Amino acid sequence: MSLRIVVCVKYVPDATGDRHFADDLTVDRDDVDGLLSELDEYAVEQALQISEESDDDVEITVLTVGPEDAKDALRKALSMGADKAVHVEDDDLHGTDVMGTSLVLAKAIEKAGYDLVITGMASTDGTMGVLPAILAERLGVPQVTLLSEVNVADGKVTGRRDGDAASEQLEASLPAVVSVTDQSGEARYPSFKGIMAAKKKPVESWDLSDLDVDSDEVGLENAWTAVDSATPRPARTAGTIVKDEGEGGKQLAEFLAGQKFI
Amino acid sequence: MAEVLVYVDHVDGAVRKPTLELLTLARRVGEPVAVALGAGAEATAAVLAEHGAVKVLTADAAEFADYLVVPKVDALQAAYEAVSAGGSLAAVLVPSSAEGKEIAARLAVRIGSGIITDAVDLEAGDEGPVATQSAFAASFTTKSRVSKGTPVITVKPNSAPVEAAPAAGAVEALAVTFSALATGTKVTSRTPRESTGRPELTEAAIVVSGGRGVNGAENFSIIEALADSLGAAVGASRAAVDAGWYPHSNQVGQTGKSVSPQLYIASGISGAIQHRAGMQTSKTIVAINKDSEAPIFDLVDYGVVGDLFQVVPQLTDEIKARKG
Ligand SMILES: Cc1cc2nc3c(=O)[nH]c(=O)nc-3n(C[C@H](O)[C@H](O)[C@H](O)COP(=O)(O)OP(=O)(O)OC[C@H]3O[C@@H](n4cnc5c(N)ncnc54)[C@H](O)[C@@H]3O)c2cc1C
Ligand SMILES: Nc1ncnc2c1ncn2[C@@H]1O[C@H](COP(=O)(O)O)[C@@H](O)[C@H]1O
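Since the structure is predicted, the reported quantities are computational estimates derived from the model, not experimental observations.

**Notes on the overall build of chain B**
And then number 1: Of regular secondary structure, chain B possesses nine helices and 18 strands.
And then number 2: The C-alpha atoms of chain B give a radius of gyration of 21 Å, which matches the 20 Å a tight globule of 324 residues would have.
And then number 3: A total of 324 residues make up chain B; the buried ones form 59% of that total.
And then number 4: Relative to all contacts within chain B whose residues are 6 or more apart in sequence, the contacts with residues 24 or more apart total 65%.
And then number 5: Taken together, the 26 basic and 35 acidic charged side chains of chain B have centroids lying 3 Å from each other.

In structure tokens form, the structure reads like this:
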């Protein structure tokens, strides 16, 4: 038996850098260092663990939709241990929103062939956390999302979803779309051997015509949403900072009372 | 006047506060029609009517509890079709919980609409509702619109006041046909979260959080005592959660809960970007940290540089004394 896993990974601006918007109000990806979204490392990690625990012949493909530099994200995932990569890149993709990106990803996943799709819980730039559910809808397969624990066996995926009100055990048949949280287990660091091996792993490049997606279904002009303005948050007016000389708690209480919190 | 669908988040008929806030926003763009699903759906009607729902569409079936997300999408789609057949629909509003966002997103795909998630405000505009969002860990504020289809928008808790606005709130049964995918993901067991008796983290007016500086699970009692003196919810940084000192359900930040209370008190938390992402929109921010260089001090209205084991108990005692 074989198990084909596609892991969706996003290349994002570094959250610890100075992230901002470009003139057309899309996320500026040129002036800020990018990297594989940290939350997608957890998806790669779970794919690797499923592979290691499986008796099946598992093949892990990492997939990204993004600009030229997004190859860095694929390279990192390959050096962690994924087998091959697909990079969907097309000039017409600039400014595409989640509806368009999910359309392109769904077509690419179908073209690659899959039994299981694994994604992160949310991208660290857009932080929508809806793409996995949308992928399941578009692919017409079960959605098994926000798992903090994942198991794949006998053609089934099971796992634990910790929700607001309850913790749930879920079960679905493959093929399915899974998303994993940062509670699912720390992601491994690429080893030196892994980094060297990654250089020889295949990276395919596809554009929109390879996926039968029309350019009028993607891009900023055709997005399903429009950003009218982006304003930097006004700097907070500098607060009062006191050093505790034995009365710090009382001084703080005085402040809170002044603000009517007590 | 156009109608607005409002998805109701409730527990056995008890409507959660973010839904009432959503009704306040819904009334700015149209007439709210509420959609309540699952056990106790009809019991939501009275409070929804009090806050402006002209109609409450209800449905109950075992599928809502036994399978993940899709049955609810089927029902919301049925409501969408019923209401848009009878007139114009200005928007579909859903509370921004993890599940709410997934339901909203799948509906948006089905009806060919764009989606905006995690709005913190909503106003009527010439080209449809305009949503305010905060981006990049709240360092930017954006205004956006849905430009295709009926706007589907999810709204964060604490984004609007709860307002009384009595309306008819007539209950109508919603006919739902489940799709083939509705039973795709089975919920094989469910363990409800134990109640702490404290306010819900995302809904609380005051949140008191502890981080790595709290230095041990047993020391969280200091944070809890301060929280209780203020009637607050308790939060934790990821460092404290990862160390096993406090449950993940209380984590504040990018991969935990996003909170926007009137007052946020951070103790022993450095203020990393991922933590700030979940609390930066709090109205008043207070921090206690022994390192005067900690980045959290860049955000505060009031900060105490000191040892939390001295400052926090003194603060708690002083609050109790003042409250008598
Ligand atoms: C993808 C990703 C997602 C993340 N998501 C989250 C998230 O959702 N939430 C989150 O919080 N973090 C998140 N993080 C982690 C984040 O980067 C920080 O590591 C974390 O917030 C640090 O927690 P902390 O402030 O408690 O610990 P530290 O950074 O170690 O800070 C501890 C602070 O306590 C102070 N201190 C120590 N002892 C005392 C004392 N006795 N009295 C007073 N002060 C004292 C120290 O001076 C220090 O400033 C995420 C990281 C990544 C990569
Ligand atoms: N452009 C992209 N390429 C590949 N995967 C993506 C892309 N955008 C989002 N994803 C995946 O979808 C998840 C959720 O993204 P989002 O809904 O945008 O927060 C991420 O963790 C990724 O696994």
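**Considering the overall build of chain A**
And then number 1: The number of helices and strands found in chain A is six helices and 13 strands.
And then number 2: Here chain A holds 262 residues, and 51% of them are scored as buried.
And then number 3: The long-range share in chain A, meaning contacts at least 24 apart out of those at least 6 apart in sequence, stands at 70%.
And then number 4: Taken as a whole, chain A presents about 11,700 Å² of accessible surface, with 45% of it coming from carbon and sulfur.
And then number 5: Across chain A, the centroid of the 24 positively charged side chains sits 5 Å from that of the 52 negatively charged ones.

**Thoughts on the interface of chain A and chain B**
And then number 1: On the chain B side, the residues contacting the 79 residues of chain A number 85 residues.
And then number 2: In total, chain A and chain B occlude about 7,000 Å² of area from one another, counting both sides; carbon and sulfur atoms represent 56% of this.
And then number 3: Between the two partners, chain A and chain B, sit nine salt bridges.
And then number 4: R161 of chain A is the partner of E102 of chain B in a salt bridge, and the nearest nitrogen-oxygen pair spans 3.0 Å.
And then number 5: Put simply, chain A and chain B have 41 residue pairs in polar contact (both at pLDDT 80 or more) between them.
And then number 6: Here the element with the most residues in the side of chain A that touches chain B is helix α6 (residues 248-258) of chain A; it accounts for ten residues.
And then number 7: Grouping the amino acids of the side of chain A that touches chain B by side-chain chemistry returns 36 nonpolar, 23 polar and 20 charged.

**Topic: the sheet that holds strand β6 (residues 89-95) of chain B**
Residue and element names in this part refer to chain B.
And then number 1: Strands sit in the order β7-β11-β6-β1-β4-β5-β12 across an open sheet of seven strands; the sheet is parallel. Unpaired on one side and paired on the other, β7 (115-119) and β12 (170-173) mark the two borders of the sheet. Neighbour to neighbour, the strand axes of the sheet diverge by 25° on average, direction disregarded.
And then number 2: With four bridges joining them, strand β1 (residues 3-7) and β6 adopt parallel strand pairing. Residue L5 lies in a different strand from β6, and its bridge partner there is V92.
And then number 3: Packing of helix α5 (residues 98-111) onto the sheet brings it into contact with β1, β6, β7 and β11 (152-155), and relative to β11 it is tilted by some 175°.

**So, the layout of surface pockets**
And then number 1: Considering only enclosed or pocket space, the second largest pocket measures out at about 580 Å³ in volume.
And then number 2: Elements with a minimum of two residues in the lining of the second largest pocket: α1 (38-53) of chain A together with α7 (238-242) and α8 (273-276) of chain B.
And then number 3: Ranked by the residues each element gives to the lining of the second largest pocket, the list is headed by α1 of chain A, at four residues.
And then number 4: For the lining of the second largest pocket, a count of residues per class yields eight nonpolar, twelve polar and five charged.

**Considerations on the site of ligand 2**
All names here are of chain A.
And then number 1: Around ligand 2 sit 18 residues, and of these C8, D40, V65, S123 and G129 come closest.
And then number 2: Measuring from a nitrogen atom of ligand 2, one finds a backbone N or O atom of V9 at 3.4 Å.
And then number 3: One of the backbone N or O atoms of V130 is found 3.0 Å from an oxygen atom in ligand 2.
And then number 4: A total of 480 Å² of accessible area belongs to ligand 2 in isolation, and the protein chains cover 96% of it.

**Quick look at the side chain of K257 of chain B**
And then number 1: Tracing the backbone through its elements, the reader meets K257 of chain B in the loop between α7 and β16 (263-267).
And then number 2: There is a polar contact of 3.0 Å between the side chain of K257 of chain B and the backbone oxygen of S249 of chain B.
And then number 3: Setting aside residues no more than four positions away along its own chain, K257 of chain B makes contact with D164 of chain A together with L201, T202, S249, Q251, V252 and G278 of chain B.

**A few points about α6 of chain A**
In an α-helix there are 3.6 residues to a turn, and that puts residues three or four apart on one side.
And then number 1: Listing the buried residues of α6 of chain A in full gives G248, G249, L252, A253, F255 and L256 of chain A. Seen from one end, α6 of chain A has its buried residues packed into an arc of 160°, which puts them on one side.
And then number 2: Contacts from the buried residues of α6 of chain A go to β16, β17 (284-289), β18 (302-305) and α9 (308-323) of chain B.
And then number 3: At the exit of α6 of chain A stands K260 of chain A, carrying a positive phi of roughly 65°.

**Focus on the pairing of β17 of chain B**
Each regular strand displays side chains that alternate between the two surfaces of the sheet.
Residues and elements named next belong to chain B.
And then number 1: Where burial is concerned, most of β17 is hidden: six out of the six residues are buried.
And then number 2: Judged by which residues are buried, β17 turns out to be covered on both faces: T284, V286 and I288 on one side and I285, A287 and N289 on the other are all buried.
And then number 3: In the sheet, β16 pairs with β17 via five bridges, with the strands oriented parallel. Bridge assignment links L263 to a residue of β17, and that residue is T284.
And then number 4: By the bridge criterion, four bridges tie β17 to β18 in an arrangement that is parallel. In the sheet register, A287 faces β18, and the bridge partner there is G303.

**Section: the nonpolar core**
And then number 1: In this structure, I5, V7, V88 and I118 of chain A together with L5 of chain B are the most contacted members of the largest nonpolar core, which totals 103 residues.
And then number 2: Counting residues per element, this core draws most heavily on helix α3 (residues 98-112) of chain A, at eight residues.
And then number 3: Beyond its immediate sequence surroundings of up to four residues, I5 of chain A is in contact with A47, I50, V58, E59, I60, T61, L116 and I118 of chain A.

**Some details on the site of ligand 1**
And then number 1: Residues in contact with ligand 1 amount to 27 residues; listed here are only the nearest, R212, S237, S270, Q274 and N289 of chain B.
And then number 2: At ligand 1, the nearby residues belong to more than one chain, namely chains A and B.
And then number 3: Q251 of chain B is positioned such that a nitrogen or oxygen atom in its side chain is 2.8 Å from an oxygen atom of ligand 1.
And then number 4: Alone, ligand 1 offers 990 Å² of accessible surface; in the complex the protein occludes 83% of this.
And then number 5: Mapped onto the shell around ligand 1, the elements with two or more residues apiece are α1 of chain A together with α7, α8 and α9 of chain B.
And then number 6: The class makeup of the residues in the shell around ligand 1 is seven nonpolar, 14 polar and six charged.

Calculation notes
Sequence order sets the numbering: in each chain, residues are counted from 1 along the sequence as written. The naming scheme follows written order: chains are lettered A onward, ligands numbered 1 onward. The predicted origin of the model limits local features to residues at a pLDDT of at least 70 and limits the giving and counting of side-chain atom pairs to 80 or more, whereas totals for whole chains, interfaces and linings rest on all residues. Remark: hydrogens and water are excluded; side-chain values derive from all non-hydrogen atoms of the structure. Only DSSP runs of H or I covering at least 4 residues are called helices, and only runs of E covering at least 2 are called strands; the numbering of each starts at the N terminus. Each radius of gyration reported is based on C-alpha atoms, and the globular scaling rule is 2.2 Å times the count of residues to the power 0.38. Think of it in three bands: with a 1.4 Å probe and only protein chains considered, a residue is buried below 20% of the maximum accessible area for its type, exposed above 50%, and partly exposed in between. Residues count as neighbours in contact if any of their non-hydrogen atoms are within 4.5 Å of one another. As used throughout, the charge tally considers Lys and Arg to be positive and Asp and Glu to be negative, leaving His and the chain termini uncounted. One atom stands in for each charge, and that atom is NZ of Lys, CZ of Arg, CG of Asp or CD of Glu. Methods summary: accessible areas were calculated by the Shrake-Rupley approach with a probe of 1.4 Å, and residue burial reflects only the protein chains presented. In this description, buried area is defined as the sum, over both parts, of the accessible area (probe of 1.4 Å) that is lost when the two are combined. Salt bridges are counted wherever a side-chain nitrogen of Lys or Arg sits within 4 Å of a carboxyl oxygen of Asp or Glu. Side-chain atoms alone can form a polar contact between residues adjacent in sequence; in general such a contact is a pair of N or O atoms within 3.5 Å, and within protein one must be able to donate a hydrogen while the other accepts it. Residues are grouped as follows: nonpolar covers Ala, Val, Leu, Ile, Met, Phe, Trp, Tyr, Cys and Pro; charged covers Asp, Glu, Lys and Arg; every other residue, Gly included, is treated as polar. Pairing between two strands requires that DSSP report at least two bridges joining them. Only the stretch in contact is used when a helix axis is fitted, and all axes are lines through C-alpha atoms; the angle between N-to-C directions ranges over 0 to 180 degrees. Here a cavity denotes grid points, spaced 1 Å and computed from the protein atoms alone, that fit a 1.4 Å probe unable to get out, and a pocket denotes an open set having protein on both sides within 12 Å along at least 5 of 7 lines; residues with an atom within 4 Å of a point are the lining. Grid points are joined across faces, edges and corners, and a volume is the space filled by probe spheres set on the points. Whether a residue is near a molecule or strand is decided by its heavy atoms; if any one of them lies within 4 Å of it, the residue is near. The directions from the helix axis to the C-beta atoms are what the arc is built from. Throughout this description, the term nonpolar core refers to a set of buried Ala, Val, Leu, Ile, Met, Phe, Trp, Tyr and Cys residues connected via side-chain atoms within 4.5 Å.

Interpretation note: all reported values are geometric properties and have no functional meaning in isolation.
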